[in-house]
Amino acid sequence: MLIDFARLVSGRIRSCDKLFRFGGEEFMILLPETTEQQAFQLAESLRVRIEQSTFGGNIHLTCSFGVAELQAEDTLEGWLQACDVALYEAKHKGRNLTVRRLQVVSEALA
């Protein structure tokens, strides 16, 4: 199942992008020279593609994405935390969603 998942994602990202396993069921895709909006669009297209695919023979998956652009004022830890907050916001809202940092910040201010 992991091999099928990695193939699907790897086939949809550029050669300069990097896919990492970032824990048991969490993955990270680094997208250099990509805006947050572009990353959001890619994540959303991957989310839909994953939902429509089968893995390991006949297993259906859904996934949640948290998207955050590395800002000049971010530390690595702060940026990773922003990604994590967005991811858990997607899970909190019902899973199988894509949430970006700007949505989390704007909703927190509302």
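Up top is the structure these notes are about.
Residues numbered from 1 in each chain as written. Predicted model: local features only at pLDDT ≥ 70, side-chain atom pairs only at ≥ 80, totals over all residues. Heavy atoms only, no water.

A word on the packing of aromatic side chains
Our working rule: Stacked, tilted and edge-to-face pairs are distinguished by plane angle, under 30 degrees for stacked and over 60 for edge-to-face with tilted covering the rest, among Phe, Tyr and Trp rings (Trp via its six-membered ring) whose centres lie within 6.5 Å. Secondary structure elements follow DSSP: runs of H or I no shorter than four residues count as helices, runs of E no shorter than two count as strands, and numbering proceeds from the N terminus. Per-residue accessibility, obtained with a 1.4 Å probe over protein chains only, is compared with the maximum for each type, and a residue is labelled buried under 20%, exposed over 50%, and partly exposed between these values.
On inspection of all chains with the given rule, the structure shows 2 aromatic pairs. Residues phenylalanine 5 and phenylalanine 27 carry aromatic rings whose centres are separated by 4.8 Å and whose planes lie at 40° to one another, so their mutual orientation is tilted. Here phenylalanine 5 is found in helix H1 (residues 2–10), whereas its partner phenylalanine 27 is found in strand S2 (residues 27–30), with 22 residues between them in sequence. Under the relative-accessibility criterion, phenylalanine 27 is labelled partly exposed at 30%. Pairing phenylalanine 5 with phenylalanine 55 gives two aromatic rings, centres 6.3 Å apart and planes at 50°, and the pair type is tilted. Taken together, the positions of phenylalanine 5 in helix H1 and phenylalanine 55 in strand S3 (residues 54–55) put the pair 50 residues apart, joining distant regions of the chain. Each member of the pair, phenylalanine 5 as well as phenylalanine 55, carries the same accessibility label: buried. What links up through ring pairs into an aromatic cluster is the set Phe5, Phe27 and Phe55.

Examining the pattern of salt bridges
How we decide: Salt bridge, as applied in this entry: a Lys or Arg side-chain nitrogen positioned within 4 Å of an Asp or Glu carboxyl oxygen.
Counted according to the given criterion, the structure contains 5 salt bridges. Between aspartate 17 and arginine 14 there is a salt bridge whose closest N-O contact spans 2.6 Å. Across the pair lysine 93 and glutamate 89 runs a salt bridge whose closest N-O atoms are separated by 4.0 Å. Three or more residues joined by partner-sharing salt bridges are found here, namely Glu44, Arg47 and Glu51.

Regarding unusual backbone geometry
Positioned with a positive phi, glutamate 33 is a non-glycine residue whose angle comes to about 55°. Examined against the element boundaries, glutamate 33 turns out to sit in the loop between S2 and helix H2 (36–52). Among the residues examined, glutamate 33 registers a relative accessible area of 78% and is labelled exposed. A positive phi angle, near 70°, is found at arginine 95, a position not held by glycine. Given a relative accessible area of 52%, arginine 95 falls into the exposed group.

Looking at the nonpolar core
Definition in use: Put simply, buried Ala, Val, Leu, Ile, Met, Phe, Trp, Tyr and Cys residues joined by side-chain atoms within 4.5 Å make one nonpolar core. Pairs of residues are marked as contacts when any of their non-hydrogen atoms sit within 4.5 Å.
Membership of the largest hydrophobic core comes to 14 residues, with the highest contact counts inside it found for Leu8, Val9, Leu46, Ile50 and Phe65. Breaking this core down by element, the ones donating at least two residues are H1, H2 and strand S5 (65–67). A total of 5 residues in this core trace back to one element, the largest contributor, which is H2. Discounting chain neighbours no more than four positions away, the residues touching isoleucine 50 are Phe5, Leu8, Val9, Phe55, Leu61, Cys63 and Phe65. Met28, Ala68, Trp79 and Ala82 belong to the second-largest nonpolar core, a separate cluster that totals 5 residues.

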